[in-house]
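Structural overview
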Amino acid sequence: MGYPETFEGYAVTDTNQWNTVKKIEFKPKPFGPKDVDIKIIACGVCGSDVHTVNAGWGKPDLPVIPGHEIVGTVVKVGEDVSSEYKVGARVGVGAQVGACLECETCLENNETYCPDWVDTYNDFYPDGSKTWGGYSSHIRVHEHFVFPIPEKLQTNDVAPMLCAGITTYSPLVRNGAGPGKKVGIIGIGGLGHFAIMFAKALGAEVYTFSRTNSKKEDALKLGTDHFIATYEEKDWATKYARKLDLIISCGNSSKNFDLDGYLKCLRVHGKLVSVGLPEEPFTVSPATFIKNGSLLGSSHLGNRQEMIDMLKLAAEKGIKSWHEDLKVGEEGISEALKRCHDNDVHYRFVLTDYDAKFA
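Residues numbered from 1 in each chain as written. Predicted model: local features only at pLDDT ≥ 70, side-chain atom pairs only at ≥ 80, totals over all residues. Heavy atoms only, no water.

Okay, helix α4 (residues 164-174) next. Extensive coverage of α4 is indicated by the burial of 9 of its 11 residues. Of all the positions in α4, only Ala164, Gly165, Ile166, Thr167, Thr168, Tyr169, Ser170, Pro171 and Leu172 are classed as buried. Buried positions along α4 lie against β10 (182-186), α5 (192-201), β13 (244-249), β14 (266-274), α10 (304-317) and β17 (348-352). (Buried < 20%, exposed > 50% of the residue type's maximum accessible area, 1.4 Å probe, protein only. Helix = DSSP H or I, 4+ residues; strand = E, 2+ residues; numbered from the N terminus. Contact = heavy atoms within 4.5 Å.)

Moving on: the state of the cysteines. If you walk through the whole model with that rule in mind, you get 0 disulfides. With no disulfide of its own, Cys46 lies 4.0 Å from the sulfur of Cys163, the closest cysteine sulfur. (Disulfide = S-S within 2.5 Å.)

This part covers the side chain of Ser274. Note on placement: Ser274 falls in strand β14. You can call Ser274 buried: its relative accessible area is 8%. Within the structure, Ser274 has its side chain in polar contact with the backbone oxygen of Gly276 (distance 3.2 Å). Setting aside chain neighbours within four positions, we find Ser274 in contact with Ser249, Phe282, Gly297, Ser298 and Ser299. (Polar contact = N/O pair within 3.5 Å; in protein donor to acceptor, adjacent residues only side chain to side chain.)

With that out of the way, let us pick up the nonpolar core. Grouped together as the largest cluster of nonpolar side chains are 50 residues, with contacts concentrated most on Met161, Leu172, Phe198 and Leu311. Sorting the residues of this core by element identifies α4, β10, α5, α6 (216-222), β12 (226-229), β13 and α10 as the ones contributing at least two each. The element contributing the most residues to this core is α5, with 7 residues. With sequence-adjacent residues up to four places away left out, Leu311 is seen in contact with Phe147, Pro148, Ile149, Pro150, Leu153, Val158 and Met161. Membership of the second largest hydrophobic core comes to 47 residues, among which are Phe7, Val50, Val64 and Tyr354. (Core = buried A, V, L, I, M, F, W, Y, C linked by side-chain atoms within 4.5 Å.)

As a further point, take the pairing of β13. The element β13 is largely enclosed, with a buried count of 5 among its 6 residues. As defined by bridge partners, β10 adjoins β13 across 4 bridges and the pair is classed as parallel. Paired with Ile186 across the two strands is Ser249, which belongs to β13. (Pairing = 2+ DSSP bridges.)

Entries for the protein chain in the domain assignment read domain 1 (7-163 + 302-356) and domain 2 (165-298). Each of domain 1 and domain 2 was reduced to a C-alpha centroid, and the two centroids are 27 Å apart. The interface is formed by 27 residues belonging to domain 1 together with 24 residues belonging to domain 2. Between domain 1 and domain 2, a total of about 2,100 Å² is buried, with carbon and sulfur atoms accounting for 62% of that surface. Counting the surface domain 1 buries against domain 2, the share from its top three residues, Glu306, Trp322 and Tyr347, is 30%. (Domains from an automatic or database assignment. Buried area = accessible area lost by both parts, 1.4 Å probe.)

So, about the packing of aromatic side chains. Using the criterion set out here, one finds 14 aromatic pairs in the structure. Aromatic ring contacts, followed pair by pair, group Tyr207, Phe209, Trp236, Tyr240, Phe257 and Tyr262 into a single cluster. Just above the ring of Tyr125 sits the side chain of Lys29; from NZ or CZ to the centre is 4.6 Å. Just above the ring of Phe31 sits the side chain of Lys76; from NZ or CZ to the centre is 4.1 Å. (Phe/Tyr/Trp six-rings, centres within 6.5 Å; stacked < 30°, edge-to-face > 60°. Lys NZ or Arg CZ within 6 Å of the ring centre and 35° of its normal.)

In the sheet, strand β3 (residues 35-45) pairs with strand β4 (residues 70-77) via 7 bridges, with the strands oriented antiparallel. Residue pairing in the sheet places Asp37 in a bridge with Lys76 of β4. Direction of pairing for β4 relative to strand β5 (residues 90-93): antiparallel, over a ladder of 4 bridges. Counterpart to Ile70 in the pairing with β5 is Val93.

What follows is the structure in structure tokens.
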């Protein structure tokens, strides 16, 4: 039938062939008074997409259309949608498309922690409608989870910020990253390269940890003040003991991850916030926490105001993702998923040329 009754997208239908997609037609959730229909023009490829389609985080509800770093243009608005969303406006959608917006958590601007949050894909709305991601022609979203894109930001540069960017920005601002603070970043990849740029833009002194020196030049270009190669620098944990106020861990693997060492680098009551989601758990000795009263936690995305503030900061500071563009479609998506899985990306993929595949 086609828009507005149905949308099209590229779906994974078999977790054993997780980087093979085929175009399907699907029905979006019923259109509501607060909904915005968006014609997609670009979508970033996230590590979460790979963990989902290859069942690394558990078997997905097949078929699944990934993608939650979405930029597009508004083509339809509900009768109660704010006047800031007009047909033709360029907007973004991240990794969340629903929450109750009424509970105490939501009213405290913590909608990303709402017990009833709805993920952008591989999830369900309360009415049973399935969510479908950004490897698609369109997406239908409640206006609360639609974000205006500043004019200064280029579409392909900004797309990865809508998940990877906000995932690092929120814990930085919530934990006081700024002038006079020393912030550590573990891992230089899709998340880590944003963490370095945003920590520096917020005014912090930045320490970047990586296993080898292979990404040192990149880290320096991104703005880090100090670089520590943990496999090559002996006694690094002792050298940097109690120096840092905050560490953001962007690591995607728990293999040979020296969590005890990183916690030793924190000042008394300093925090390590993990935003990467390895498929295997971390291990740590409880004695490590006692020595400096360090705290270990995590963070999930960021609220609406944090997203708006992040995009404004990126526009003001000229921050852009390091990305490679691939054309949406069977070949482009297959390559993006496979290379993302193999860590062969510098540092994000963005799917483009949507008009060529979706009439």
